[in-house]
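Observations on the three-dimensional arrangement
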Amino acid sequence: MTNAIDLACVRFAVPDLAKQRQFLTDFGLLVEQHNQHLYARGTDTAGWCYLAEEGDPAFLGLDFHAPDRGALERVAAIDGLDIVESIEPGGGWHLEMTDPDGRAVRLQWGLAPLEPLPEPSRSPFNMGGVRGRLGTRVELTQQPQLVKRLGHCVLNVADFRVSENWYKSRLGLITSDEVFVGSEDNALGAFLRCDRGAKYVDHHTLFLVGTGTPEFNHAAFEVADWDTLMIGHDRLQQQGYEHRWGVGKHLLGSQVFDYWKDPAGFTLEHFTDGDLVNAQFGSHKAPLEQLLGVHWGPQGQP
Ligand SMILES: [Fe+2]
């Protein structure tokens, strides 16, 4: 049963809201402050995709979009939870669960869509075999908001199978690639996606990594294309932020990636050109080497 159709938001506590607001703005999000909370969004209209309150650095939880009110009711029935009307900007209804590692996981529905923001754009690519731009120079329109939307979140978990079962049973997530170490029965974690049948969705919305220690790993925000990703890279580098990994192209999921550390110490990623898959893609197994491997760019560290 599909109870989640996309990731909606990641929530943090950060020690310095002003510093964090500047980073998020440089990262390409539009940031507003309401009642000592930062609300950040991309150009998509689905809602605020990053929230922060002041406090010692902590990952507070993540929110998913439900397809309808019925999904909230189904999930509420599992754990006997209440559906509450949200008092946050955008309104709507949500229920709040606690995952096996104690994180708050919200399922939300009925939020008012945000006003669209102007998106970066560029002319079609000339790509060797397929010449998409003939007779004109590249037109590249930059915008302050480089980010389109929140794409995925990666969580290190105490027990992969326990967390996998929890997220699948509550949200209806399905496996795209299960990553193993050595032999196929020794699972480290899995890339999970939303189950929308014939509709195409991101290769992963949530990646659970069974490190044994619950920890936020990273959250990834989609940008329009490679030019936008590199514009963001230059912008963040010029501001002196700490770079973590990239630019490169993942094997699993195929995203062009660029990872940065925010002032509170959390890793946030820009990505573009990720795989979009539907039910026909099925579920697969892949060795750790493929997780760390790249089509090009620097390899990951085990
Ligand atoms: Fe990622």
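Use the structure listed above.
Description of the structure in this document.

Definitions and cut-offs
Residues numbered from 1 in each chain as written. Predicted model: local features only at pLDDT ≥ 70, side-chain atom pairs only at ≥ 80, totals over all residues. Helix = DSSP H or I, 4+ residues; strand = E, 2+ residues; numbered from the N terminus. Rg over C-alpha atoms; globule rule 2.2 N^0.38 Å. Contact = placed C-beta atoms within 7 Å. Pairing = 2+ DSSP bridges. Axes fitted to C-alpha atoms, helices over the stretch in contact; angles between N-to-C directions. Expected span 1.5 Å × (residues − 1).

Counting its secondary structure elements, the protein contains 5 helices and 24 strands. A compact globule built from 302 residues would reach a C-alpha radius of gyration of about 19 Å, and the protein, at 19 Å, matches this within 12%. C-alpha atoms of the protein, sized along the principal axes, occupy 60 × 50 × 35 Å. The long-range fraction of contacts in the protein, counting pairs at least 24 apart against all pairs at least 6 apart in sequence, stands at 64%.

Turning our attention to unusual backbone geometry. With an omega of -10°, the peptide bond running from G246 to V247 counts as cis. Here the phi dihedral of Q36 falls at roughly 60°; this positive angle occurs in a residue that is not glycine. Take Q36: it is sitting in the loop between β2 (30-34) and β3 (37-41). Phi is positive for D273, which is not a glycine, with a value near 60°. Tracing the sequence through the fold places D273 in the loop between β21 (267-272) and β22 (276-277).

Here 10 strands make up an open sheet; going across it, the order is β23-β14-β15-β17-β13-β18-β21-β20-β19-β24 and the pairing mixed. With partners counted over all chains shown, the strands left at the sheet margins are β23 (284-287) and β24 (294-296), one partner each. Recorded for the sheet is a direction-independent mean angle of 30° between the axes of neighbouring strands. The sheet contact formed by strand β18 (residues 215-223) and β21 spans 4 bridges and is parallel. Within β21, the residue paired with A219 across the bridge is L268. Relative to strand β20 (residues 256-261), helix α4 (residues 226-238) is tilted by about 20°, and along the sheet it contacts β18, β19 (242-250), β20 and β21.

Its 12 residues give helix α3 (residues 160-171) an end-to-end C-alpha distance of 16 Å, which sits within 8% of 16 Å, the value for a rise of 1.5 Å per residue. G172 sits one or two positions beyond α3 and adopts a positive phi of about 75°.

Taken together, the 8 strands give an open sheet; going across it, the order is β2-β3-β4-β1-β5-β8-β7-β6, and neighbouring strands pair in mixed fashion. With one partner strand each, in any of the chains shown, β2 and β6 (84-85) form the two edges of the open sheet. Note: strand β1 (residues 6-14) against strand β4 (residues 50-54), 5 bridges, orientation parallel. For R11, the partnering residue across the bridge sits in β4 and is L51.

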